[in-house]
Amino acid sequence: MQNDKLICCKCNVALEPRNTDLSYMGYHFNATLPRCPVCGLVYIDEELATGKIAQVEMQLEDK
Ligand SMILES: [Zn+2]
């Protein structure tokens, strides 16, 4: 019964959406990501991360 609730595999608690500063593949951006309230683990959805990078790249090209 896995829907969109993500569970920290270490702490076994539900991840909470948090606004998080990220660096991923050399890009820095800010996104709301599921984060473990206990250990601080951030779950990075690869699709989301890739989409954000595409946005950042477009912004860079605009300048
Ligand atoms: Zn945890």
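Only a predicted model underlies this, so the values are computations on that prediction, with no experimental measurement involved. (Residues numbered from 1 in each chain as written. Predicted model: local features only at pLDDT ≥ 70, side-chain atom pairs only at ≥ 80, totals over all residues. Heavy atoms only, no water.)

A.B. asks: Sorry if this is basic, but what is going on with the pattern of salt bridges here?
C.D. replies: One side chain can pair with another of opposite charge once the charged atoms of both are near each other. Taken as a whole and assessed by the stated rule, the structure comprises one salt bridge. One salt bridge connects Glu16 with Arg18, and the closest N-O pair in it is separated by 3.4 Å. Using a relative accessible area of 35% as the deciding quantity, one classes Glu16 as partly exposed. (Salt bridge = Lys/Arg side-chain N within 4 Å of Asp/Glu carboxyl O. Buried < 20%, exposed > 50% of the residue type's maximum accessible area, 1.4 Å probe, protein only.)

A.B. asks: I would appreciate a short explanation of unusual backbone geometry in the present structure.
C.D. replies: Glycine aside, residues mostly have negative phi, and peptide bonds are mostly found in the trans state. Here Asn12, not a glycine, exhibits a phi torsion of approximately 60°, which is positive. Relative to the elements of secondary structure, Asn12 occurs in the segment before β1 (16-24). (Helix = DSSP H or I, 4+ residues; strand = E, 2+ residues; numbered from the N terminus.)

A.B. asks: Mind showing me how you'd approach the coordination of the zinc ion here?
C.D. replies: As a benchmark, a tetrahedral metal site with four donors has ideal angles of 109.5 degrees, while an octahedral site with six donors has ideal angles of 90 or 180 degrees. Protein coordination at the zinc ion: the donors are Cys8 (SG), Cys11 (SG), Cys36 (SG) and Cys39 (SG), at 2.2 to 2.4 Å from the metal. Bound by four donor atoms, the zinc ion shows angles of 103 to 112° at the metal and therefore tetrahedral coordination geometry. On the primary sequence, the residues serving as donors to the zinc ion are separated as C-x2-C-x24-C-x2-C. Of this pair, Cys8 sits in the segment before β1 while Cys36 sits in the loop between β2 (27-35) and α1 (46-62), and the two are 28 residues apart along the sequence. Per residue, the accessibility class of Cys8 equals that of Cys36, and both read buried. (Donors = N, O, S within 2.8 Å, 3.2 Å for Na, K, Ca; no water. Tetrahedral: all angles 85-135°; square planar, octahedral: opposite > 155°, others 65-115°.)

A.B. asks: Whenever I open this one, α1 confuses me. Can you help?
C.D. replies: Given 3.6 residues per turn, any residue in an α-helix points the same way as the ones three and four places further on. Between its first and last C-alpha, α1 extends 24 Å over 17 residues, near the 24 Å set by a 1.5 Å rise per residue. Ala49, Ile53 and Val56 are the residues of α1 that are buried. With its buried residues spanning 60° around the axis, α1 presents them on a single face. Opposite the buried face of α1, by more than 90 degrees, sit the exposed residues Glu47, Met58, Glu61 and Asp62. Residues of α1 that are buried in the fold lie against β1 and β2. (Expected span 1.5 Å × (residues − 1). Arc of directions from axis to C-beta. Contact = heavy atoms within 4.5 Å.)

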